[in-house]
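# Survey of secondary and tertiary structure
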Amino acid sequence: MKNLIDKLCRERALSAEEYKALLLCRDAEVLEHLQRRAQEETLARFGNRVFIRGLIEITNRCRNNCYYCGIRKENRNVVRYELTQEEILECCREGYPLGFRTFVLQGGEAPELKDDRITETVAAIRREFPDCAITLSLGEKTHEAYERFFHAGANRYLLRHETHNEAHYRQLHPGSKRGNDRSGMSLQHRLQCLDWLKEIGYQTGTGIMVGSPHQTIDHLVEDILFIGQFRPEMIGIGPFIPHHDTPFASAPPGSMQLTLKLLSIFRLMHPAALIPSTTALATLAPDGRERGILAGANVVMPNLSPPAQREKYSLYDHKASMGAEAAEGLQLLEEKLRSIGYEISKERGDYRILDETINHKSYNV
Ligand code: 5AD
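Here is a short report on the structure shown in this document. The shown structure was predicted, so the numbers you read here are calculated from the model rather than taken from an experiment.

Within the largest apolar cluster, 99 residues are counted, with the highest numbers of intra-cluster contacts made by Phe103 and Leu136. If one sorts the elements of this core by residue count, helix H10 (residues 256–269) sits on top with 9 residues. Those residues within four positions of Leu136 in sequence are excluded, and the remaining contacts are Leu105, Val122, Phe149, Ala154, Arg156, Tyr157, Leu158 and Tyr202. Counting 10 residues, the second largest nonpolar core, distinct from the first, contains Phe46, Leu55, Ala272 and Leu274.

Put into structure tokens, the structure is as follows:
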């Protein structure tokens, strides 16, 4: 099994069967080896520095009904909100002096939030913070909308594919009832959006939840193969965590071990990728964030949303948004990172191709 890991380091890819064997392996020594190689890879490329992104949750309105998500349309127990452009800019103004040079605007697919307004907000941030990166995470939009946001100054876009298996996708998302009904979601359209984003020129992020209901090891292998082929600049991966007001309320959460294993595999497949140690990981266990970093993550995304709104953006139960997960808790985050030998980088942290194709053994030459 260790040979497989070394092969993954050398060749940056394995066969489907080999990935599956690695995912099924429970040998502690092997897992430690995988994690160590992923950490070495991250240290060689990024040093012990972790990029920070200020996460601004701009609206919890959503037209979709994803079975796993707490802000799904049919959840009547959510108090809905939408930040104004001025409120979003205020978040950025708060984050900038703290050292944030990336702002991530995330939100549900709110029909009220018109593309024009998003474009204007992106342009306003671009004007006021010319040295910052703007990341959007606003779901599926038209090709034209993606283009307009890009030309207004957005640089990156996060859109997890959630699962690359058709049948599993339908088990997580209600589909269209009839052929011409556009209200449902489809894997095909999601993948189309990802292709558009890349083609337009965004640094594009995708990813999955680990342990989402009905997920199998074979699905995860499909996800790995897709990520290997799509080569996203960013890979978002976190455990599924149930939300009490969703159809998946009583499903068990995803496993920390498996999440960390996948994180390390993605790091070895794609050494230059920006991989966050996600809030979901930090929610699952008190030391989840740190364990993510030690398994090969190199990004954290503290919450910059107005504190009064944070609890309304409840994708899953007990979602962390305070303490080291909060932008204002940056010092605490710094201390936690220091305790494992890492520090915060206040650089923008764009994706850099560098020498991606060169065998990693030679990249210091
Ligand atoms: N548990 C974990 N992650 C979730 N997300 C949504 N709901 C949950 C949940 N219950 C993730 C999805 C989405 C991202 C913004 O949050 O993967 O893409």
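Past the structure itself, the notes keep going.
In space, the 6 strands of this open sheet follow the order E2-E3-E4-E5-E6-E7, with parallel pairing throughout. Taken across any chain shown, the strands that pair with only one partner, and hence form the sheet edges, are strand E2 (54–59) and strand E7 (234–239). Averaged over all adjacent pairs, the angle separating strand axes in this sheet is 20 degrees, with direction ignored. The pairing of strand E3 (residues 102–107) with strand E4 (residues 133–137) spans 5 bridges and is classified as parallel. Its bridge partner being in E4, Thr102 is matched across the sheet by Ala133.

Within a sheet, adjacent strands bond to each other through the backbone by hydrogen bonds, running parallel or antiparallel. Pairing is parallel in the open sheet, where 3 strands are placed in the order E8-E1-E9. The sheet is open, and its two borders are formed by strand E8 (299–300) and strand E9 (343–345), each paired with just one other strand. In terms of strand pairing, strand E1 (residues 49–52) meets E9 through 3 bridges, oriented parallel. Opposite Val50, over in E9, you have Ile344 as the bridge partner. The sheet contacts of helix H14 (residues 330–339) involve E1, E8 and E9, and relative to E9 the element is tilted by about 125 degrees.

The subject of this paragraph is the environment of Pro97. Structurally, the position occupied by Pro97 is in helix H4 (residues 85–98). Overall, the relative accessible area of 66% leaves Pro97 in the exposed class.

Before going further, it helps to spend a moment on the state of the cysteines. All chains considered together, the criterion is met by 0 disulfides. Free of any disulfide, Cys25 has its nearest neighbouring cysteine sulfur in Cys9, separated by 15 Å. This cysteine, Cys69, is not joined by any disulfide, and Cys66 carries the nearest cysteine sulfur, 6.0 Å off. Residue class for Cys69 comes out buried when judged on its relative accessible area of 15%.

What follows is about the packing of H4 against helix H5 (residues 115–128). Running from N to C, H4 and H5 cross one another at 35 degrees; their axes reach a closest spacing of 10 Å. In terms of crossing hand, the pair formed by H4 and H5 is right-handed. Contacts between H4 and H5 involve Gln85, Ile88, Leu89, Cys92 and Arg93 from the former and Glu120, Thr121, Ala124, Ile125 and Glu128 from the latter. The residue makeup of the contact of H4 with H5, split by class, is 5 nonpolar, 2 polar and 3 charged.

What follows covers the site of the ligand. Surrounding the ligand, one finds Tyr68, Cys69, Gln106, Arg160, Glu162, Met209, Pro239, Phe240, Ile241, Leu315 and Tyr316. The contact in question runs from an oxygen atom of the ligand to an N or O atom on the side chain of Arg160, over 2.9 Å. Contact distances for the ligand include 2.7 Å between a nitrogen atom and a backbone N or O atom of Ile241. In the complex, 87% of the free accessible area of the ligand, which totals 400 Å², lies under the protein chains. Residue composition of the shell around the ligand, by class: 8 nonpolar, 1 polar and 2 charged.

A word on the packing of aromatic side chains. What the rule picks out here adds up to 9 aromatic pairs. Ring geometry for Phe240 against Phe248: centres 6.4 Å apart, planes inclined by 85 degrees, an arrangement best described as edge-to-face. The exposure classification of Phe240 matches that of Phe248, with both residues buried. Through a chain of ring-to-ring contacts, three or more aromatic side chains come together here, namely Tyr146, Phe150, Tyr157 and Tyr202. Above the plane of the ring of Tyr96 lies Arg101, whose end atom (NZ or CZ) is 3.5 Å from the centre.

With 5 of 5 residues buried, E4 lies mostly within the body of the structure. Burial along E4 is two-sided: Ala133, Thr135 and Ser137 facing one way and Ile134 and Leu136 facing the other are all buried. Tracing the backbone out of E3, into H5 and back to the parallel element E4 gives a crossover that is right-handed. Pairing of E4 with strand E5 (residues 156–158), which is carried by 2 bridges, proceeds in the parallel orientation. In the strand pairing of E5, Leu136 is matched with Tyr157. Each parallel crossover has a hand, and the one from E4 via helix H6 (residues 143–152) to E5 is right-handed.

Time to look at unusual backbone geometry. For Arg12, which is not glycine, the phi dihedral falls at a positive 65 degrees. Topologically, Arg12 is positioned in the loop between helix H1 (2–11) and helix H2 (16–24).

Scoring rules and cut-offs
- Residues numbered from 1 in each chain as written.
- Predicted model: local features only at pLDDT ≥ 70, side-chain atom pairs only at ≥ 80, totals over all residues.
- Heavy atoms only, no water.
- Core = buried A, V, L, I, M, F, W, Y, C linked by side-chain atoms within 4.5 Å.
- Buried < 20%, exposed > 50% of the residue type's maximum accessible area, 1.4 Å probe, protein only.
- Helix = DSSP H or I, 4+ residues; strand = E, 2+ residues; numbered from the N terminus.
- Contact = heavy atoms within 4.5 Å.
- Pairing = 2+ DSSP bridges.
- Axes fitted to C-alpha atoms, helices over the stretch in contact; angles between N-to-C directions.
- Disulfide = S-S within 2.5 Å.
- Left-handed = near helix turned anticlockwise from the far one by under 90°.
- Nonpolar A, V, L, I, M, F, W, Y, C, P; charged D, E, K, R; others polar.
- Near = heavy atom within 4 Å.
- Polar contact = N/O pair within 3.5 Å; in protein donor to acceptor, adjacent residues only side chain to side chain.
- Areas by Shrake-Rupley, 256 points an atom, 1.4 Å probe, with all protein chains shown as cover.
- Phe/Tyr/Trp six-rings, centres within 6.5 Å; stacked < 30°, edge-to-face > 60°.
- Lys NZ or Arg CZ within 6 Å of the ring centre and 35° of its normal.
- Right-handed = clockwise from strand over helix to strand, strands pointing away.

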